[in-house]
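Breakdown of the fold
Here is how the chains run, residue by residue.
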Protein chains: 4
Amino acid sequence: MSKKEDIMMATLDLIHEEGLQSVTFAKLFKRANVGSGTIYNYFANKEDLVNEVYKESRTHMGEYLLQGYDAHASLYERFKCLQMNRLRFGMHFPKKFLFIDSYSFSPYISTELRNTDDGYNSSKTVQDLIVDGQRQGIIKEMDSHLCHQLIHGIISSILKGYYVNKYPLNEEQIRQMIESAWKAILV
Amino acid sequence: MSKKEDIMMATLDLIHEEGLQSVTFAKLFKRANVGSGTIYNYFANKEDLVNEVYKESRTHMGEYLLQGYDAHASLYERFKCLQMNRLRFGMHFPKKFLFIDSYSFSPYISTELRNTDDGYNSSKTVQDLIVDGQRQGIIKEMDSHLCHQLIHGIISSILKGYYVNKYPLNEEQIRQMIESAWKAILV
Amino acid sequence: MSKKEDIMMATLDLIHEEGLQSVTFAKLFKRANVGSGTIYNYFANKEDLVNEVYKESRTHMGEYLLQGYDAHASLYERFKCLQMNRLRFGMHFPKKFLFIDSYSFSPYISTELRNTDDGYNSSKTVQDLIVDGQRQGIIKEMDSHLCHQLIHGIISSILKGYYVNKYPLNEEQIRQMIESAWKAILV
Amino acid sequence: MSKKEDIMMATLDLIHEEGLQSVTFAKLFKRANVGSGTIYNYFANKEDLVNEVYKESRTHMGEYLLQGYDAHASLYERFKCLQMNRLRFGMHFPKKFLFIDSYSFSPYISTELRNTDDGYNSSKTVQDLIVDGQRQGIIKEMDSHLCHQLIHGIISSILKGYYVNKYPLNEEQIRQMIESAWKAILV
DNA sequence: CATGAATGAGTTTTCATTCAT
DNA sequence: TATGAATGAAAACTCATTCAT
């Protein structure tokens with residue numbers, strides 16, 4: 001793995017373990033096994049580093065969300081695919097998921113960065129799905145962003161419960177959860 | 001207003017504007033219009049100050065949640081009252097709500113404080129409601145703390161979108177969201 | 001003496017001893033007997049500190065040059081007064097004189113700072129003297145700034161010889177040097 | 001041009017633009033368009049590089065000073081030739097002149113290098129001229145090195161004013177300055 | 001010879017905290 | 001109580017130099 005990746009991974013690890021505010025360069029270098037100057041070959045400063053990690057996480061999640069997505073499948077199939085992917089991403093990459101969740105609305109992440117496209121248009125895909133569902137009279141009429149945020153909140157809460165080991169999430173339970181989220185936005 | 005209150009308000013303001021990790025005492029003293037030594041008359045150190053602000057915010061929210069609560073109303077009425085209060089608290093006191101939401105799990109907030117009662121038993125009230133609903137077979141069977149977290153997560157997610165101006169939140173939309181959160185926990 | 005003065009003096013000393021480029025804050029703090037953070041209560045950074053020292057030196061010299069100056073004395077008397085003061089300043093404050101001499105034309109000192117008034121109009125007094133002398137037909141016709149610079153170069157060279165102990169400078173010798181400089185600009 | 005020359009030129013340029021103390025290898029490599037390791041094929045380290053540039057500048061000036069010098073001309077003619085060459089060198093090669101002037105006494109330039117012959121005996125030529133003039137009773141009695149320094153100081157001072165655009169230096173003014181410098185060392 | 005990624009010692013800078021007033 | 005100058009440990013950052021390719 002490249003030094004740059006080492007550093008980004010160590011950053012994500014440390015943020016997960018101790019929170020952004022207690023990530024110091026000293027800890028970072030030790031964890032990433034690089035010399036103290038090395039980071040400056042790749043990142044201008046700490047803020048830049050964190051932003052890069054954020055961007056990479058967002059891009060990764062954006063890509064992950066669309067895995068196996070079939071635009072011609074039924075509404076529920078499409079919903080299920082997207083939200084299962086979201087859930088699975090959170091299960092496999094808890095550090096990235098939590099980092100995105102925690103910092104997307106913090107002042108540390110600039111507005112423009114927050115609103116930046118993740119390169120996979122996953123956000124637009126979800127929006128389209130919602131609008132489509134509303135047109136068909138299946139999904140409740142409401143601001144599509146609001147609806148998106150609602151779904152995200154549900155999935156996100158489920159994951160947080162999973163993270164603290166409140167319950168296991170096997171295939172059957174995942175299915176139940178997705179269904180539960182689906183019900184929340186039906187007319 | 002007392003010096004102590006000045007300091008706590010300035011702390012909350014700065015955390016909201018720049019994030020906990022970039023709140024320095026220098027900024028704090030300037031904003032609160034007090035001398036740099038003054039804080040040590042009221043707080044043992046920075047961590048203590050932040051914990052005090054956290055405690056005050058939690059107490060405030062706890063009190064707010066129970067406004068107009070009628071223990072004898074129907075299950076849904078009680079749910080609606082509590083969650084509407086939660087949503088309204090978030091709308092009226094964004095700094096406090098976000099601070100609680102963002103830092104409840106940060107290492108900066110001591111564990112004992114995080115689990116402490118807010119002085120209004122609002123937490124217990126919500127738990128009781130959930131257990132009651134499950135006993136009646138209306139609310140899905142799951143750990144009651146987890147269920148509480150699920151509801152909080154939904155409301156929180158919606159508020160965050162609102163904070164960054166993704167959408168407005170009028171009476172109609174508030175009603176919809178409470179309903180959706182309700183549906184999400186039904187059997 | 002104030003901490004600020006301690007720091008400025010130590011700065012001047014170190015620049016004199018080792019040159020600007022090898023003045024580090026570590027040396028500075030040790031020499032000035034202050035804590036490492038203290039400097040930042042007075043100066044924004046190293047450049048700011050050096051500029052302040054430069055300004056103070058210039059102001060001091062500007063004030064010194066006009067000591068005992070009588071605008072109604074004869075041309076030569078006035079010339080003698082100004083240049084003797086210049087020479088005496090250099091003899092009593094070698095560090096300041098050399099610092100001004102070395103850094104006035106270095107890229108470290110911004111053009112605007114170099115051209116800044118020293119607060120005593122000593123520069124203008126010299127210019128006026130030259131123009132007056134030229135009007136009277138005593139001083140050679142030439143650009144007055146050029147003439148000023150010429151005189152400065154002579155005095156400055158004499159001082160540098162003095163600094164390296166090439167000769168003593170008693171009253172009689174000072175008189176001779178001033179006379180020598182005077183001859184250099186006569187018609 | 002060879003890599004070595006590229007590096008030396010870039011060094012001189014950067015010293016002129018920002019001062020020795022802020023010339024970093026990073027800037028140097030970029031300016032000279034070479035890889036960061038390349039310099040170590042030609043110079044042992046930074047100090048060595050700067051000393052090489054210094055030596056080259058001194059040699060160039062030494063050669064320049066003797067242009068058109070006629071050992072059999074009159075004392076004043078010889079003086080004029082040498083000092084005009086000095087002035088013209090400064091006008092045509094400001095970077096080299098200033099570098100020599102500014103850093104001759106800096107701790108960065110090794111003492112032995114500073115006192116080293118420039119390869120053209122220009123220094124000895126000036127010394128001889130002075131001693132000759134003193135023997136003839138034309139030039140003031142003083143240490144010949146000091147006299148040399150006095151003359152250099154005058155020329156240098158004039159050039160510095162010229163560099164910062166205080167005044168132009170045309171043929172007439174050059175002639176005047178040489179004459180003034182001459183007068184300054186007469187008995 | 002030429003390169004540039006990696007390094008870590010050294011430097012600058014920050015900032016919570018103390019303490020004399 | 002209220003202050004703010006002074007502090008120094010810790011943090012961020014720089015940069016000459018090395019070395020594998």
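Rules used throughout
- Residues numbered from 1 in each chain as written.
- Chains lettered and ligands numbered in written order.
- Predicted model: local features only at pLDDT ≥ 70, side-chain atom pairs only at ≥ 80, totals over all residues.
- Heavy atoms only, no water.
- Contact = heavy atoms within 4.5 Å.
- Buried area = accessible area lost by both parts, 1.4 Å probe.
- Salt bridge = Lys/Arg side-chain N within 4 Å of Asp/Glu carboxyl O.
- Polar contact = N/O pair within 3.5 Å; in protein donor to acceptor, adjacent residues only side chain to side chain.
- Helix = DSSP H or I, 4+ residues; strand = E, 2+ residues; numbered from the N terminus.
- Nonpolar A, V, L, I, M, F, W, Y, C, P; charged D, E, K, R; others polar.
- Least-squares fit on C-alpha atoms with pLDDT ≥ 70 in both.
- Domains from an automatic or database assignment.
- Near = heavy atom within 4 Å.
- UniProt positions renumbered as here; feature names shortened; annotations may be inferred.
- Phe/Tyr/Trp six-rings, centres within 6.5 Å; stacked < 30°, edge-to-face > 60°.
- Buried < 20%, exposed > 50% of the residue type's maximum accessible area, 1.4 Å probe, protein only.

Below, the discussion takes up the interface of chain C and chain D. Taken together, the 29 residues of chain C in the interface contact 34 residues of chain D. Of all residues in chain C, Q21, F105 and L146 of chain C bury the most surface against chain D, accounting for 22% of the area lost on that side. Linking chain C to chain D there are zero salt bridges. Between the two partners, chain C and chain D, sit 10 residue pairs in polar contact (both at pLDDT 80 or more). Those elements that place two or more of their residues in the side of chain C that touches chain D are α8 (144–163) and α9 (171–185) of chain C. No other element matches α8 of chain C, which puts 11 residues into the side of chain C that touches chain D. Taken together, the residues of the side of chain C that touches chain D break down into 13 nonpolar, eight polar and eight charged.

Of the two same-sequence chains, chain B is brought onto chain A (RMSD 0.6 Å, axial shift 1.5 Å) by a rotation of 171°. Most of the interface of chain B is mirrored in chain A: 74% of its interface residues are interface residues there too.

Both copies of the chain are related by one operation, a rotation about an axis with a shift along it. Of the transformation superimposing chain C on chain D, the axial component is 1.4 Å and the angular component is 171°, with the fit at an RMSD of 0.5 Å. A shared interface surface links the copies, since 83% of the contact residues of chain C are contact residues in chain D too.

Residue and element names in this part refer to chain A. Its domain assignment divides chain A into domain 1 (1–43) and domain 2 (58–185). For domain 1 and domain 2, the distance between their C-alpha centres works out to 29 Å. Contacts between domain 1 and domain 2 engage six residues on the former and six residues on the latter. Here domain 1 packs against domain 2, burying approximately 620 Å² in sum over the two surfaces, 79% of which is carbon and sulfur. Linking domain 1 with domain 2 are one salt bridge. Taken together, the connections running from domain 1 to domain 2 amount to two residue pairs in polar contact (both at pLDDT 80 or more). Looking at the side of domain 1 that touches domain 2 residue by residue, the class counts come to three nonpolar, two polar and one charged.

The full set close to DNA strand E counts 29 residues, and Y42 of chain A, F25 of chain B, F25 of chain C together with S36 and Y42 of chain D are the nearest of them. Protein-proximal atoms of DNA strand E, defined as those within 4 Å of the protein, fall in sugar or phosphate at a share of 62%. The separation between a phosphate oxygen of DNA strand E and a polar side-chain atom of T38 of chain A is 2.7 Å. A distance of 3.2 Å separates a phosphate oxygen of DNA strand E from a polar atom in the side chain of Y40 of chain B. Broken down by secondary-structure element, the contributors of at least two residues to the surface near DNA strand E are α3 (39–42) of chain A together with α3 (39–42) of chain D. Of the residues assigned to the surface near DNA strand E, the class counts are 10 nonpolar, 15 polar and four charged.

Our focus in this paragraph is the UniProt feature "DNA-binding region" (unreviewed entry) in chain A. Sites flagged by UniProt as "DNA-binding region" (unreviewed entry) map to residues 24–43 of chain A. Counted over residues 24–43 of chain A, helix gives 60% and strand 0%. Its end C-alpha atoms are 15 Å apart.

Attention now goes to the packing of aromatic side chains. Note on aromatic pairs: each is described by the distance of the centres and the angle between the planes. Residue and element names in this part refer to chain A. Considering all chains together, one arrives at 44 aromatic pairs over all chains under this definition. Ring centres 5.1 Å apart and planes at 55° place the aromatic pair F99 and Y103 in the tilted group. Of this pair, F99 and Y103 both sit in helix α6 (residues 94–103), four residues apart, which is roughly one turn of the helix. Comparing F99 with Y103, the two get one shared label, buried.

Positive phi, close to 55°, is recorded for N121 of chain A, a residue that is not glycine. Inspection of the secondary structure puts N121 of chain A in the loop between α7 (111–114) and α8 (122–135). Owing to a relative accessible area of 41%, N121 of chain A belongs among the partly exposed residues under this scheme. Positive phi, normally seen in glycine, also occurs at N165 of chain B, with a value near 65°. Structurally, N165 of chain B can be placed in the loop between α9 (144–163) and α10 (171–185).

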